[in-house]
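# Coordinate analysis (summary)
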Amino acid sequence: MLDNYVAAVKRHLPLRMREDVGDELHSTLVDSIDALEEATGRPLDQNEVAELIKRRGHPLLVASAYRGDRGLVGAQLFPIYLRVLKVGLVIAAIGVLADYVVGDGVVQARDLARLVHRYYLPALNVFAWVTIAFYLMDAWMARTQFLQRWNPLSLPGALDVQRWQAPRTFSALVHIGALVLVVKFVIHGAFLQGRLIGAPVPVMVELAPDFRQVFPWLVTALTSGIIVLTVWAVARGYWDRLTLCLSAVTRIALGSVLFWIAGRGEAFTTQLFTDSVPVDVDAIVVGLRIFLTVVATVSMHAGVRHLMWLVQPEPKAP
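Given the structure is predicted, the values throughout are model-derived calculations rather than measurements.

What counts and what doesn't
Residues numbered from 1 in each chain as written. Predicted model: local features only at pLDDT ≥ 70, side-chain atom pairs only at ≥ 80, totals over all residues. Heavy atoms only, no water. Helix = DSSP H or I, 4+ residues; strand = E, 2+ residues; numbered from the N terminus. Buried < 20%, exposed > 50% of the residue type's maximum accessible area, 1.4 Å probe, protein only. Contact = heavy atoms within 4.5 Å. Areas by Shrake-Rupley, 256 points an atom, 1.4 Å probe, with all protein chains shown as cover. Axes fitted to C-alpha atoms, helices over the stretch in contact; angles between N-to-C directions. Parallel < 35°, antiparallel > 145°, perpendicular 65-115°, else oblique. Left-handed = near helix turned anticlockwise from the far one by under 90°. Nonpolar A, V, L, I, M, F, W, Y, C, P; charged D, E, K, R; others polar. Expected span 1.5 Å × (residues − 1). Polar contact = N/O pair within 3.5 Å; in protein donor to acceptor, adjacent residues only side chain to side chain. Bend = angle between axes of the 7 residues up to and from the residue. Pairing = 2+ DSSP bridges.

The next thing to look at is the overall build of the protein chain. A count of helices and strands for the protein chain gives 12 helices and three strands. Residues counted as buried form 43% of the 318 residues belonging to the protein chain. Looking at the protein chain alone, contacts between residues at least 24 apart form 75% of all its contacts between residues at least 6 apart. Carbon together with sulfur atoms contributes 63% to the accessible area of the protein chain, which is approximately 17300 Å² in total.

Let us now look at the packing of helix 11 (residues 241-262) against helix 12 (residues 281-311). How two helices pack is summed up by the angle between their axes together with the distance between the axes. For the pair helix 11 and helix 12, the least separation of the axes is 7 Å and the interaxial angle reads 150°. In terms of their interaxial angle, helix 11 and helix 12 are classed as roughly antiparallel. Crossing of helix 11 over helix 12 shows left-handed handedness. Looking at side-chain class alone, the contact of helix 11 with helix 12 contains 18 nonpolar, eight polar and three charged residues.

We now examine helix 8 (residues 169-188). Taking 1.5 Å per residue as the helical rise, helix 8 with its 20 residues ought to reach 28 Å, and the 28 Å between its terminal C-alpha atoms agrees with that figure. Trailing helix 8 by a residue or two, Gly-189 shows a phi angle of about 80°, which is positive.

Looking now at the packing of helix 1 (residues 2-10) against helix 4 (residues 59-67). For the pair helix 1 and helix 4, interaxial distance at closest approach is 8 Å and the crossing angle is 50°. The angle between helix 1 and helix 4 falls in the class oblique. Where helix 1 crosses over helix 4, the two elements pack in a sense that is right-handed. Contact residues: helix 1 offers Tyr-5, Ala-8 and Val-9, while helix 4 offers Pro-59, Val-62 and Ala-63. Classifying every residue of the contact of helix 1 with helix 4 by side-chain character gives six nonpolar, no polar and no charged.

All right, on to the side chain of His-306 then. Considering the arrangement of structural elements, one finds His-306 in helix 12. Given the relative accessible area of 2%, His-306 is considered buried. A polar contact of 2.9 Å, which involves the side chain of His-306, links it to the side chain of Ser-247. Non-local contacts of His-306, meaning those with residues more than four positions away in its chain, are made with Trp-239, Leu-244, Ser-247, Ala-248 and Arg-251.

Once that is clear, we can look at helix 6 (residues 112-144). Look at helix 6: 47 Å from first C-alpha to last across 33 residues, which is about the 48 Å you get at 1.5 Å a residue. Maximal helix bending in helix 6 amounts to about 30°, located at Tyr-120; proline Pro-122 follows within four positions. If you check which residues of helix 6 are buried, you get Leu-115, Ala-123, Val-126, Val-130, Thr-131, Phe-134, Asp-138 and Met-141. At the exit of helix 6 stands Gln-145, carrying a positive phi of roughly 55°.

Summarising burial for strand 2 (residues 203-207): four of the five residues are buried, a large majority. Judged from the five bridges that link them, strand 2 and strand 3 (residues 268-272) form a sheet pairing that is antiparallel. Residue Val-205 lies in a different strand from strand 3, and its bridge partner there is Thr-270.

Structure representation (structure tokens):
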């Protein structure tokens, strides 16, 4: 329990502070336990150790005291707020870039001003809504004394956190970017400019009418679930058993759906905007099917990996 508590505090500290603060906190708690055991003449049981740790304070409060930061969002929630905000801003940028590339073609230097203009409003919305959400969460926690009612016994195991670490932010954002492209395609299709695909004229590729009845909603729902779970895991720094289970199910389901779509040539329709210029639309569709297959493979692999994590035996503390 002591190691779990120290690990929970360290997760909310900057990297440069984690080891020093962790060692100091661990040493302080061990000294307190030794002093109590000497005074009582017996070893403390689990509930007594939990009570001692609880008096020390919730990991968020302890970490905020070491950081000493202040802001609109309370210091306790600030590290989680910052991680969520960074991921949200990057997702907004990915969405704007994907929309521009698919809709207007390859981004060139002269297009940067237009991209910045398109990004301004989504970024402002992300900043505003994330800040409001965390401000309200901070106010609710202060009013209900949520952090004062915590139970050290509910902390995740340090070994579980170590083996169920969240994906690195960069790899998570790359996967989210691919999912955003998939959702844009299944809902709106892809208007591919000639300079993007090396063709002299634009080409429109979309799902066939029969496939547009169900698959856009299904893919959007599964993808949204994966993105929410991934952002939550990145914000906390680790997966737990519930989020791992949900992630495995949604990723395997999405991978299966994308494999099914990519394996059927009749699932795609193309539209040329001129009949006077020959364009190899079959090659374009093949490229799109390959892209969907790659995303499906990555999603399926991640889902299976999460399932394997769940069935692995729990590690024993040294």
